[in-house]
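As a plain string of letters, each chain reads:
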Amino acid sequence: QTAEAESAWKEAIAKDSRYMPAYAALSQHYLDKNDPDGAIRYAEEALKASPGDSQARLHLGAAYVMKKYYKEAIVELERFSKDNPDNPAGLHPLGMAYAALGKDSSAEAAFESALKQDPQNIQVLSGLAGLHIARKQPETALQRVDRQIQQFPSSAKLQELKGQIYMRLEKHANAEES
């Protein structure tokens, strides 16, 4: 089915090179397949067809994070976030790119901004906790998750994340002992 979907999206682009939903579907498809090169190819084509296309910027930035092109990712994701201040989708990969470059305060700001808009976003909260763990602030990581659990006490996802964080802390402690 995947090949047929790709073929249909490519045919849509062949019929109308400015039909942005087909570019978005293809670039998202390649991100989902963990193929950043494919995502970059279609996101860049989308930006050639429509330079202001926000979805293409988001996909391009996410693909750059996957490729570890963090500076390029930051450029695209900051622009996406500026153009779409009410859409937190670019803030998680932006935080990851900042963290990878050691820009912890910028990473934390991106994660916190995303959580203000989507307070139960597990990926973002996990990224923020990972940042605190890397800073050797495990208590801060747990406190941050506990704060979200207090806000959403019936959330199984948040409780499960807390368990994951405890496991990450154990692995981190074992690695330091070695």
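These lines cover the structure that appears in this document, whether it is placed above or below. What you see is a predicted model; the values in this text were computed from it and never measured.

### Thoughts on the environment of Ala 56
Among the secondary structure elements, Ala 56 is positioned in helix H4 (residues 54-66). The class of Ala 56 is buried, set by a relative accessible area of 3%. Sequence spacing of Ala 56 and Tyr 23 is 33 residues, and the spatial spacing of their C-alpha atoms is 7.7 Å. With residues up to four places along the chain from it excluded, the contact list for Ala 56 reads Ala 43, Ala 46 and Leu 47.

### Some thoughts on the packing of helix H1 (residues 2-15) against helix H2 (residues 20-32)
Running from N to C, H1 and H2 cross one another at 145°; their axes reach a closest spacing of 8 Å. The element H1 and its partner H2 pack so that their crossing is left-handed. The residues of H2 that touch H1, namely those facing Thr 2, Glu 6, Trp 9, Lys 10, Ala 12 and Ile 13, are Ala 22, Tyr 23, Ala 25, Leu 26, His 29 and Tyr 30. Of the residues contributing to the contact of H1 with H2, the split by class is 8 nonpolar, 2 polar and 2 charged.

### Digging into the nonpolar core
In this structure, Tyr 23, Leu 94 and Ile 165 are the most contacted members of the largest nonpolar core, which totals 49 residues. The residues touching Leu 94, leaving out its near neighbours within four places in the chain, are Ile 74, Leu 77, Glu 78, Ser 81 and Ala 110.

### Considering the pattern of salt bridges
This model, assessed by the stated rule, comprises 10 salt bridges. Across the salt bridge formed by Lys 67 and Asp 37, the nearest N and O atoms sit 2.8 Å from each other. A residue pair is termed long-range when its members are at least 10 positions apart, and Lys 67 in the loop between H4 and helix H5 (70-83) and Asp 37 in helix H3 (residues 36-49) qualify at 30 residues. Classification of Asp 37 by relative accessible area gives partly exposed; the value is 43%. Note that Glu 112 and Arg 144 form a salt bridge whose closest N and O atoms lie 2.8 Å from each other. Residue Glu 112 is located in helix H7 (residues 104-117), and its partner Arg 144 is located in helix H9 (residues 138-151); the two are separated by 32 residues in the primary sequence.

### Focus: the environment of Leu 77
Among the secondary structure elements, Leu 77 is positioned in helix H5. Residue classification places Leu 77 among the buried positions, given a relative accessible area of 0%. With 15 residues separating them in the primary sequence, Leu 77 and Ala 62 have C-alpha atoms 7.9 Å apart. Apart from the residues within four sequence positions on either side, Leu 77 is in contact with Leu 58, Gly 61, Ala 62, Val 65, Gly 90, Pro 93 and Leu 94.

### Here we look at the side chain of Glu 6
Tracing the backbone shows Glu 6 in helix H1. Judged by its relative accessible area of 11%, Glu 6 is buried.

### Topic: unusual backbone geometry
At Asn 34, a residue that is not glycine, the phi angle is positive and equals roughly 60°. Within the secondary structure, Asn 34 is located in the loop between H2 and H3. Phi is positive for Lys 136, which is not a glycine, with a value near 65°. In this structure, Lys 136 sits in the loop between helix H8 (122-134) and H9. Of the residues examined, Lys 136 reaches a relative accessible area of 57% and is grouped as exposed.

Reading guide: rules and limits
Residues numbered from 1 in each chain as written. Predicted model: local features only at pLDDT ≥ 70, side-chain atom pairs only at ≥ 80, totals over all residues. Heavy atoms only, no water. Helix = DSSP H or I, 4+ residues; strand = E, 2+ residues; numbered from the N terminus. Buried < 20%, exposed > 50% of the residue type's maximum accessible area, 1.4 Å probe, protein only. Contact = heavy atoms within 4.5 Å. Axes fitted to C-alpha atoms, helices over the stretch in contact; angles between N-to-C directions. Left-handed = near helix turned anticlockwise from the far one by under 90°. Nonpolar A, V, L, I, M, F, W, Y, C, P; charged D, E, K, R; others polar. Core = buried A, V, L, I, M, F, W, Y, C linked by side-chain atoms within 4.5 Å. Salt bridge = Lys/Arg side-chain N within 4 Å of Asp/Glu carboxyl O.

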